[in-house]
Amino acid sequence: MILCADSVEGTYGGTVIFSNLSISLRPGIVTGIIGPNGSGKSTLIRTLSRVLKPRVGTVLLDGKDIYRMPGNRVARSVAVVPQNGTPAFSYTVMEMVMMGRAPHLGRLEFEGPGDIEI
């Protein structure tokens with residue numbers, strides 16, 4: 001799986017946060033996004049994870065535009081867990097991990113032994 005942004009322009013609230021940004025993320029490679037507060041790190045993550053659509057450019061997952069793919073298909077490969085914030089309920093680590101299985105299940109389907117093994 002390769003996640004790429006090609007010449008994207010990220011906006012937030014109508015304000016251009018970054019422009020002409022290109023990045024390629026590959027499995028097995030740790031990538032850090034660093035910069036001062038307000039420099040666009042969160043906007044970039046939101047753009048790469050299909051939360052904020054870029055005004056210009058494309059975000060591709062294995063060569064396909066993530067904004068033209070079904071959400072559950074993208075969610076099978078791309079997920080974001082916020083660094084901070086308080087969840088609405090006190091989830092266990094196992095419950096949080098099992099939430100990541102949701103895109104792989106059918107409607108109203110619960111996790112089974114195979115999901116726990118994965």
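Residues numbered from 1 in each chain as written. Predicted model: local features only at pLDDT ≥ 70, side-chain atom pairs only at ≥ 80, totals over all residues. Heavy atoms only, no water.

Examining the overall build of the protein
- Per the secondary structure count, the protein includes four helices and four strands.
- Secondary structure elements of the protein, listed N to C terminal, follow the sequence β-β-α-β-β-α-α-α.
- Considering only C-alpha atoms, the protein reaches an extent of 45 × 30 × 30 Å along its principal axes.
- For the protein, the share of sequence-separated contacts (at least 6 apart) that also reach a separation of at least 24 residues comes to 42%.
- Averaging the coordinates of the 12 positive side-chain charges in the protein and doing the same for the 9 negative ones gives two points 9 Å apart. (Helix = DSSP H or I, 4+ residues; strand = E, 2+ residues; numbered from the N terminus. Contact = heavy atoms within 4.5 Å. Lys, Arg positive; Asp, Glu negative; His and termini not counted. Charge placed at Lys NZ, Arg CZ, Asp CG, Glu CD.)

Quick word on the layout of surface pockets
- What the largest pocket holds in volume is close to 440 Å³.
- Contributing to the lining of the largest pocket are 18 residues, with Ser42, Ile45, Arg46, Val80 and Pro82 lying nearest its centre.
- Those elements that place two or more of their residues in the lining of the largest pocket are helix H1 (41-48) and helix H2 (71-75).
- When residues in the lining of the largest pocket are grouped by element, the largest group, four residues, is from H1.
- Class assignment for the residues of the lining of the largest pocket results in 10 nonpolar, five polar and three charged.
- In this structure, the second largest pocket spans a volume of roughly 340 Å³. (1 Å grid on protein atoms, 1.4 Å probe; cavity = no way out; pocket = protein on both sides within 12 Å on 5 of 7 lines; lining within 4 Å. Points joined across faces, edges and corners; volume = space filled by probe spheres on them. Nonpolar A, V, L, I, M, F, W, Y, C, P; charged D, E, K, R; others polar.)

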